[in-house]
Amino acid sequence: MPENRAQDEAAITAVLENVYKAWEANDADAFVADYTEDATAIMPGSYREGREAIRRSMAAGYAGPLKGTSTHNKQISVRFLGQDGAVVVSESGILFPGETELPSERAVHASWVLERRDGRWLVAAYHNCPINPAPKAG
C-alpha cells in the first residue's frame, strides 16, 4: 500500500475509533464530531438525515435504552474511492452493561462511507444490517 494510503487508512481508523470511544462514553456530541453536516445513517427500520438528527437520536438512545452500552467492532476492509473517498466494512454490535461478548443475534455488518473534506476524513454515511447466521444442518 502506498505511504499516502497508509496514512489515510490510519486517519480513517482513528475517526472510527473516536466514534467507538464516544459511544462507550455515551456522548452524542462526540459521537457525531467526525460526521459531515449532511451525513446519513440507515439501520433496519430507521433513516436519519443530517448530523444533527443523528446526534439527537444518539442522545435519546444514551438517555434511554442505550445508557451504559458499548460496542464490539471489527474492521473487515477499507476500500478507497479516488483520493477523497473510502468505504469501510466492519462487523459490529451493541454490548449491554455486563456483557463482554457480542451475542450472534445482535451482530451486524456495517458500511461506513468516509469523505476527505478540507484535509480531514469525516463520516458521510453509515449503514448496517443484521448478519444472517448460517443455516443449521438438518
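Position numbers for residues start from 1 in each chain and track the written sequence from start to end. Per-residue local features are limited, in this predicted model, to residues with pLDDT of at least 70; the limit for side-chain atom pairs, both in listing and counting, is 80 or more; totals at the level of whole chains, interfaces and linings are taken over all residues. Neither water nor hydrogens contribute to the side-chain values; these are computed over all heavy atoms in the structure.

Peer 1: Hey, could you go over the overall build of the chain for me, with residue numbers and the actual values?
Peer 2: Secondary structure counts use DSSP, requiring at least four H or I residues in a row for a helix and at least two E residues in a row for a strand, with both numbered from the N terminus. A count of helices and strands for the chain gives three helices and six strands. Reading the chain from its N terminus to its C terminus gives the helix and strand order α-α-β-β-α-β-β-β-β. Seen along its three principal axes, the alpha-carbon backbone of the chain occupies a region of about 45 × 40 × 25 Å. Buried means the residue's accessible area, taken with a 1.4 Å probe over protein chains only, is under 20% of the maximum for its type, while exposed means over 50%, and partly exposed covers the values in between. Taken over 138 residues, the chain has a buried fraction of 35%. Once local pairs closer than 6 in sequence are excluded, the contacts in the chain between residues at least 24 apart make up 50%. Note on charges: Lys and Arg go in the positive column, Asp and Glu in the negative column, and His and the chain ends are not counted at all. Charge positions come from single atoms, namely NZ of Lys, CZ of Arg, CG of Asp or CD of Glu. Each charge class in the chain can be summarised by its mean position, and for the 14 positive and 19 negative side chains these summaries are 3 Å apart. We call two residues in contact whenever any of their non-hydrogen atoms come within 4.5 Å of each other.

Peer 1: Go over the nonpolar core, please, and point to the residues and values.
Peer 2: Take the buried residues of types Ala, Val, Leu, Ile, Met, Phe, Trp, Tyr and Cys, join any two whose side-chain atoms come within 4.5 Å, and each joined set is a nonpolar core. Counting 25 residues, the largest nonpolar core has Phe-31, Tyr-35, Ile-54, Met-58, Tyr-62, Trp-112 and Leu-114 as the members making the most contacts within it. Contributions of two or more residues to this core are made by helix H1 (3-24), helix H2 (28-31), strand E1 (35-43), helix H3 (51-63), strand E4 (85-95), strand E5 (108-117) and strand E6 (120-130). No other element matches H1, which puts seven residues into this core. Non-local contacts of Ile-54, meaning those with residues more than four positions away in its chain, are made with Phe-31, Val-32, Tyr-35, Ala-39, Thr-40, Ala-41 and Arg-48.

Peer 1: Run through the pairing of E6, naming residues and quoting values.
Peer 2: Only strands joined by at least two bridges in the DSSP assignment are considered to pair. In this structure, E1 lies alongside E6, joined through four bridges in parallel fashion. Bridge pairing in E6 links Tyr-35 to Val-123. As judged from the ten bridges shared by E5 and E6, these two strands associate in the antiparallel manner. Residue pairing across strands places Ser-111 opposite His-127, the latter belonging to E6.

Peer 1: Summarise the pattern of salt bridges; cite the residues concerned and give the values.
Peer 2: Close approach of charged atoms lets side chains of opposite charge pair. Each reported salt bridge corresponds to a side-chain nitrogen of Lys or Arg within 4 Å of a carboxyl oxygen of Asp or Glu. Enumeration according to the criterion identifies ten salt bridges in this entry. Asp-8 serves as the salt-bridge partner of Arg-5, at 2.6 Å between the closest nitrogen and oxygen. You can see Arg-5 and its partner Asp-8 sitting in helix H1, three residues apart, about one turn around the helix. Overall, the relative accessible area of 10% leaves Arg-5 in the buried class. Note on Asp-8: relative accessible area 8%, which makes it buried.

Peer 1: Break down the environment of Ser-70 for me, with residues and values.
Peer 2: Note on placement: Ser-70 falls in strand E3 (residues 70-80). Expressed as a C-alpha distance, the spacing of Ser-70 and Val-15, which sit 55 residues apart in the sequence, is 17 Å. In this structure, Ser-70 is in contact with Trp-23, Glu-24, Gly-93, Ile-94 and Leu-95, ignoring residues within four places of it in sequence.

Peer 1: Quick rundown of the environment of Gln-75? Include the residues and the values.
Peer 2: Mapped onto the elements, Gln-75 comes out in strand E3. On the accessibility criterion, Gln-75 (34% relative accessible area) is partly exposed. In this structure the C-alpha to C-alpha distance between Gln-75 and Ser-46, which are 29 residues apart in sequence, comes to 23 Å. Those residues in contact with Gln-75 that lie beyond four places of it in its chain are Glu-9, Thr-13, Leu-16, Val-88, Val-89 and Ser-90.

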